[in-house]
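# Observations on chain architecture
Read off the chains here:
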Amino acid sequence: MGKTIAQKIIAAHLISGDMTVGSEVALRIDQTLTQDATGTMAYLEFETMGIPRVKTELSIAYVDHNTLQCGFENGDDHRYLQTVTAKHGVYFSRPGNGICHQVHLERFGKPGKTLIGSDSHTPTGGGIGMLAFGAGGLDVAVAMGGGAYYITMPKMFKVNLTGKLNPYVTAKDVSLELLRILSVKGGVGAIVEWGGPGVATLSVPERGTITNMGTELGATTSIFPSDDITRQFLAAQGREQDYVPLVSDPDAEYDRIIDIDLSALKPMIACPHSPDNVVEVASLKDVKVDQVCIGSCTNSSLMDMLKVAAMLKGKTIHPSVSLSVSPGSRQVLTMLSNCGALADILASGARVLECACGPCIGMGFSPNSGGVSLRTFNRNFLGRSGTKDGQVYLVSPETAVAAALTGYITDPTTFSEPLEITMPDSFLVNDSAVLAPVRAEEADQAEVLRGPNIKEFPKSKPFTDSLTAQLVLKVGDNITTDHIMPAGAKILPYRSNIPFLSKFCFEVCDPTFAERAKAAGDGIIVGGSNYGQGSSREHAALVPMYLGVRCVIAKSFARIHVANLINAGILPVTFENPEDYDKLNQDAKLTISNIVAGMEAGKLTVTDENGFAFNVVCNLTERQRAILLAGGLLNYTKEGGV
Ligand code: MIC
Ligand code: SF4
């Protein structure tokens, strides 16, 4: 049987496993990336492992999330990241150089290589034919040290593209359409491969938008073939030597095939508060808009920005709309400036922000109370914008500009002017904001600078054979990591300070949670389906662990979060009978006994103080069981586990 693109890359990087769907495979990782919000923790973990120099082909640390520097915290963290990376052989992309995924696509991604990044949108690299995964910081630290990355062998989905996008209909609309079809759970356990004749009509930045938003489907990753379009993009970045062709075999088999006719697609919009709450833009045409934000790792390429500039040229934005534009990288910003397009954006009345995540992660530009904000981003979870009652919609850059000009949600295809932009044959290459590490011979003398914001890594407890704990929180379906461990300008600077962060755990769901959980000692959380969707932040596991949470019982889990729970030493189990969820009440005292044997058998029994008993399933590999019994991946690694 022929292979899919992903199966070929997996086979070429296989350390262990036989690639049977659902079984564990260990992969050799060629490249790693971190960003600052998850990176401080990842490098603290790497330091704990005691490995002097990274063993990957390329490891790079970006600073793009916490760039506001409202107090000493961010500045200290940046200095720590710069010095710790220099010492251990990691490249450092300075603050202001751009958003990790955009810069990585431009300057470092290579078709056919494996990449893991401590950010859930790392699959953006699939736009250039990389097999790229979002992962917890600890998994990235292990990969930097030369260790394998473990995943459950995914199913293979194919999206077969035909036709060609009409003017004002974009790659973002393709992503939103797929979210409408599959939902935020539809990609769980699968790799989404993009193929069919329509692929040749999409540029690398457009492909990057699509693989970026594959994360919102819950997919393990998404990938495009590496073809002549890829080669041209790499050549324009001065990196043609990095090109290798990559296609699936004609007889490759897929578990599911979804057809999308690009020519038939309309502009789409995701309504509050979930990326899969998708309808056609035209159906919302009378909704008044307060704010429009353009940028983020989904839509901040030069191509996106040139289209935005072309639509804004010679026009003024509606007086009741506040518009922000954040170019994705220094390369994009410089080229916009050199060709005059930046002046067109500024002349329209837009506010141009730094090349960073910014409003996407609630780092400034929060909407007014109850404000309607149209964003070209990938997530619109409740409260993520920094305004709890903000109404955030996700759209393409074209739909965003249409609203900024009219003041209302507007179908951009109603604009009659042709939208023509010319992409340059070559990009302006200047990597001066990427600092190389010190030479291995000098690493001993290199000093790592730490500030007072860097607190000790929390210690987790190994499992014994029985656990009695209080049900400290019961939540519903689709709980995101933004619910569990919110971000935003006020909290994000404390990502290396778990005790401080813990005060905000589950704040959106229940502001009393942190105090109650701490007082309860050992705790258990009960969740619905797709628990832990969204970000890769391991803080959503480390902080509950710090607050005493030992186990999460849910109807189902999101992939990266379940790995983070195990790495943090928290036992993730699912209801054998989902109806038992309804029979549990917050504050119940639950006991799980025979843990060691039960974990091996894949089933545990939980009883409450009234004698009600139910079964939970724990699908754990031998390695995962050993990690939990050791009290988390760090302890397991220190004890010699691989
Ligand atoms: C996000 O988009 O939620 C983030 C912030 O980029 C996260 C990482 C984080 O929590 O630091 C992600 O997607 O993994
Ligand atoms: Fe940054 Fe937003 Fe992308 Fe996350 S989704 S990496 S916060 S731009």
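Residues numbered from 1 in each chain as written. Chains lettered and ligands numbered in written order. Predicted model: local features only at pLDDT ≥ 70, side-chain atom pairs only at ≥ 80, totals over all residues. Heavy atoms only, no water.

### Focus: the environment of I627
Turning to its location among the elements, I627 is positioned in helix α19 (residues 622-630). Along the backbone, I627 and L306 are 321 residues apart, and their C-alpha atoms lie at a distance of 49 Å. When neighbours within four sequence positions are excluded, I627 is seen to be in contact with I566, N567, G632, L633 and Y636. (Helix = DSSP H or I, 4+ residues; strand = E, 2+ residues; numbered from the N terminus. Contact = heavy atoms within 4.5 Å.)

### Comments concerning the packing of helix α2 (residues 36-49) against helix α5 (residues 137-144)
The angle between the axes and the distance between the axes are what describe a pair of packed helices. Following both chains from N to C, one finds α2 and α5 inclined at 45 degrees, their axes separated by 8 Å at the closest point. Regarding the angle of α2 to α5, the classification is oblique. The interaxial crossing formed by α2 with α5 has right-handed handedness. Packed against α2, whose contacting residues are A42, Y43, E45, F46 and M49, the element α5 presents G137, L138, A141, V142 and M144 at the interface. For the contact of α2 with α5, the per-class residue count stands at eight nonpolar, one polar and one charged. (Axes fitted to C-alpha atoms, helices over the stretch in contact; angles between N-to-C directions. Parallel < 35°, antiparallel > 145°, perpendicular 65-115°, else oblique. Left-handed = near helix turned anticlockwise from the far one by under 90°. Nonpolar A, V, L, I, M, F, W, Y, C, P; charged D, E, K, R; others polar.)

### As for the nonpolar core
Core analysis: the largest hydrophobic core is formed by 106 residues, its most contacted members being F506, F513, I525, Y531, I553 and L571. Sorting elements by how many residues they give to this core places α5 first, with six residues. Not counting residues within four places of it along the chain, the set of residues in contact with F506 comprises L473, V475, I479, H483, I484, P511, F513, I525 and Y531. Counting residues in hydrophobic clusters, the runner-up holds 58 residues, among them Y62, L234, L323 and V372. (Core = buried A, V, L, I, M, F, W, Y, C linked by side-chain atoms within 4.5 Å. Buried < 20%, exposed > 50% of the residue type's maximum accessible area, 1.4 Å probe, protein only.)

### With respect to the side chain of K158
Structurally, K158 can be placed in strand β9 (residues 155-162). Salt bridges are absent for the buried K158, whose nearest opposite-charge side chain, E193, sits at 6.9 Å. Ignoring anything within four residues of it in the chain, the contact list for K158 reads E193, G195, G196, Y254, R256, I257 and I258. (Lys, Arg positive; Asp, Glu negative; His and termini not counted. Salt bridge = Lys/Arg side-chain N within 4 Å of Asp/Glu carboxyl O.)

### Comments concerning the pairing of strand β15 (residues 291-294)
Burial along β15 is two-sided: the residues Q291 and C293 and V292 and I294 are all buried. Two strands pair when backbone bridges link them, and β15 and strand β16 (residues 322-325) are joined in this way by four bridges, in the parallel orientation. Along β16, the bridge assignment pairs Q291 with S322. In this fold, the crossover linking β15 to β16 by way of helix α9 (residues 302-312) has right-handed handedness. (Pairing = 2+ DSSP bridges. Right-handed = clockwise from strand over helix to strand, strands pointing away.)

### As for helix α6 (residues 171-182)
Every α-helix winds through 3.6 residues per turn, so residues three or four apart in the chain are directed the same way. Across its twelve residues, α6 extends 17 Å between first and last C-alpha, which sits within 8% of the 16 Å expected from 1.5 Å per residue. Buried residues dominate α6, accounting for ten of its twelve residues. Inspection of α6 places A171, K172, D173, V174, S175, L176, E177, L178, L179 and L182 among the buried residues, and these make up the whole buried set. N-cap assignment for α6: the residue whose side-chain oxygen lies 3.1 Å from the backbone N of K172 is T170. Once α6 finishes, S183 follows within two positions and takes phi at roughly 75 degrees, a positive value. (Expected span 1.5 Å × (residues − 1). Polar contact = N/O pair within 3.5 Å; in protein donor to acceptor, adjacent residues only side chain to side chain.)

### Description of the packing of α9 against helix α10 (residues 330-338)
It is the contact of α9 with α10, at a shortest axis distance of 10 Å, that shows an interaxial angle of 35 degrees. Once α9 is placed against α10, the crossing between them reads as right-handed. Taking contact as the criterion, the partners of L302, M305 and L306 in α9 are, on α10, V332, M335 and L336. Here the contact of α9 with α10 is composed, by residue class, of six nonpolar, no polar and no charged.

### A short note on the sheet that holds strand β21 (residues 467-474)
Judged by pairing direction, the barrel is mixed, and its seven strands sit side by side in the order β21-β22-β23-β24-β27-β26-β25 before closing back on the first. Along the sheet, successive strands turn relative to each other by an average axial angle of 40 degrees, direction set aside.

### A short note on the pattern of salt bridges
Applying the stated criterion to the full structure yields 24 salt bridges. Measuring nitrogen to oxygen at the nearest pair gives 2.8 Å for the salt bridge that ties D228 to R231. In this pair, D228 and R231 are both assigned in helix α8 (residues 228-236), three residues apart and thus about one turn of the helix distant. A residue is classified by how much of its surface remains accessible, and D228, at 40% relative accessible area, is partly exposed. Its salt-bridge partner being E240, residue R231 comes within 2.9 Å of it at the nearest N-O pair. By relative accessible area, R231 is classed as partly exposed at 24%. Through salt bridges that share partners, K110, R239 and D242 make up one connected network.

### Structural notes on unusual backbone geometry
The omega torsion of the bond from P272 to H273 falls at -5 degrees, within 30 degrees of zero and hence cis. The topology assignment puts H273 in the loop between β13 (268-270) and β14 (278-280). The phi torsion at Y168 lies on the positive side, around 70 degrees, for a residue other than glycine. Its location among the elements puts Y168 in the loop between β9 and α6. Even without a glycine there, the phi angle at S183 is positive, about 75 degrees. Looking at the element boundaries, S183 is found in the loop between α6 and β10 (190-195).

### Examining the sheet that holds β9
Spatial strand order, β11-β10-β9-β12: four strands in an open sheet with parallel pairing. The two strands at the open ends of the sheet, each matched to only one other strand, are β11 (221-223) and β12 (256-261). Pairs of neighbouring strands in the sheet enclose a mean axial angle of 20 degrees, with direction left out of account. The pairing of β9 with β10 spans six bridges and is classified as parallel. Bridging from a neighbouring strand, K155 pairs with A190 of β10.

### Here's the deal with the packing of aromatic side chains
One pass over the structure, following the stated rule, counts eleven aromatic pairs. Considering the side-chain rings of F133 and Y149, the 5.6 Å spacing of their centres and the 50 degrees angle between planes classify their relative orientation as tilted. Placement of F133 in strand β7 (residues 131-134) and of Y149 in strand β8 (residues 149-152) is noted, with a sequence separation of 16 residues between them. Looking at Y149, the relative accessible area reads 4%, which means it is buried. Considering the side-chain rings of F500 and F504, the 5.6 Å spacing of their centres and the 55 degrees angle between planes classify their relative orientation as tilted. Assessed through its relative accessible area of 24%, F500 is described here as partly exposed. Cluster of aromatic residues (ring-pair linked, three or more members): F575, Y581, F612 and F614. The ring of Y581 carries K474 above its face, with NZ or CZ at 4.3 Å from the centroid. Taking NZ or CZ as reference, R550 lies 4.7 Å from the ring centre of F463, over its face. (Phe/Tyr/Trp six-rings, centres within 6.5 Å; stacked < 30°, edge-to-face > 60°. Lys NZ or Arg CZ within 6 Å of the ring centre and 35° of its normal.)

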